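If you want the building blocks of each chain, they are given just below.
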Amino acid sequence: MDKAALSHEVAGSLLLLEEELRSFAVNAEAGIYRKAIHSLYFAAFNATCALLWSKGIRAESHDGAQSMLSLHFVKPGALPRDTLAKMNDLMARRHAADYKGAVTIGAEDVAGSMPWVLGFVAAALALVKKGGLKVDPSRAEEALDR
């Protein structure tokens, strides 16, 4: 895939990331914690996809994205070693939020996940910017700052 096509894919992931960050802010403010957890997970997932696309890697699944993230960014030391454990925990919270109505999801769940996700997204955006593709992450960065 050429650089223009990769830039297009990264830009698409960044758009989805931005929308999830905005959705998170609105849902957290409104006390809709299940949707806030959902949006935090998908913000992290779309940041992961942007990173992978920046290296020309297409993930076929959520688990595949995590495996590729580990192989190409965690093992080389670009991201912290606990990244996959944090991502797995967040995915489990998102599954509970989306599919298990009997499981309580509250403000403490959001407060427990938010700092890691925002830090991960910031690190991912910094790596995407270093990747050499022509992409503009400014809208995602603005959403992150809110």
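Residues numbered from 1 in each chain as written. Predicted model: local features only at pLDDT ≥ 70, side-chain atom pairs only at ≥ 80, totals over all residues. Heavy atoms only, no water.

1. Let's talk about the packing of aromatic side chains
So the rule is basically this: Only centres within 6.5 Å qualify two rings of Phe, Tyr or Trp (six-membered ring in Trp) as a pair; their planes then separate them into stacked at under 30 degrees, edge-to-face at over 60, and tilted for everything else. For every residue, the accessible area obtained with a 1.4 Å probe (protein chains only) is divided by the maximum for its type, and the residue is called buried under 20%, exposed over 50%, and partly exposed between those limits. Per the convention used, a helix needs a DSSP run of H or I reaching at least four residues, while a strand needs a run of E reaching at least two, with both numbered from the N terminus.
In this structure the tally under the stated criterion is four aromatic pairs. Between Y41 and F42, the ring centres sit 5.0 Å apart and the planes meet at 85°, which makes this aromatic pair edge-to-face. Accessibility assignment for this pair places Y41 and F42 in one class, buried. Each ring, one from F42 and one from F45, has its centre 6.1 Å from the other, and the planes form 80°; the classification is edge-to-face. Here F42 pairs with F45, and both are found in helix α2 (residues 33-54), just three residues apart, close to one helical turn. Classification of F42 as buried rests on a relative accessible area of 17%. An aromatic cluster of three or more residues is present, and its members are Y41, F42 and F45.

2. A few points about the packing of helix α1 (residues 3-30) against helix α5 (residues 107-130)
Put simply, the rule is: Angles shown run from 0 to 180 degrees and are taken between the N-to-C directions of axes, each axis being a line fitted to C-alpha atoms and, for helices, limited to the stretch in contact. Every angle not falling under 35 degrees, over 145, or within 65 to 115 is termed oblique; those three ranges are roughly parallel, roughly antiparallel and roughly perpendicular. In this scheme, a crossing is called left-handed if the near helix is turned counterclockwise away from the far one by less than a right angle; it is called right-handed if the turn is clockwise. Residue contacts are defined here by distance: any two heavy atoms, one from each residue, within 4.5 Å place the two residues in contact. Any residue that is not Ala, Val, Leu, Ile, Met, Phe, Trp, Tyr, Cys, Pro, Asp, Glu, Lys or Arg is counted as polar, Gly included; the first ten are nonpolar and the last four charged.
Direction vectors running N to C along α1 and α5 enclose 155°, while the axes themselves pass 13 Å from each other. Judged by the inter-axis angle, α1 sits roughly antiparallel to α5. α1 and α5 meet at a crossing whose hand is left-handed. For the pair α1 and α5, contact is made by V10, L14, L17, L21 and F24 and by V110, M114, L118, V121, L125 and V128, respectively. Of the residues contributing to the contact of α1 with α5, the split by class is eleven nonpolar, no polar and no charged.

3. Here's the deal with the pattern of salt bridges
Convention followed: For salt bridges, the criterion is a side-chain nitrogen of Lys or Arg within 4 Å of an Asp or Glu carboxyl oxygen.
Applying the stated rule across the entire model yields seven salt bridges. Residue E18 is joined to R22 by a salt bridge in which the shortest nitrogen-to-oxygen separation is 2.9 Å. Of this pair, E18 and R22 both sit in helix α1, four residues apart, which is roughly one turn of the helix. One salt bridge in this structure joins K129 and E141, with 3.0 Å as the shortest N-O distance. Of the two residues, K129 sits in helix α5 while E141 sits in helix α6 (residues 138-145), which places them twelve residues apart along the sequence. Note on E141: relative accessible area 24%, which makes it partly exposed.

4. Regarding the nonpolar core
Applicable threshold: Here, nonpolar core means buried Ala, Val, Leu, Ile, Met, Phe, Trp, Tyr and Cys residues that are tied together by side-chain atoms lying within 4.5 Å of each other.
In this structure, L17, L51, L79, V117, F120 and V121 are the most contacted members of the largest nonpolar core, which totals 46 residues. Where this core is concerned, the elements lending two or more residues are α1, α2, α3 (62-74), α4 (83-99), α5 and α6. Of all the elements, α2 adds the most residues to this core, at 14 residues. When residues no more than four places from it in sequence are discounted, the contact partners of V117 are L40, A43, A44 and L90.

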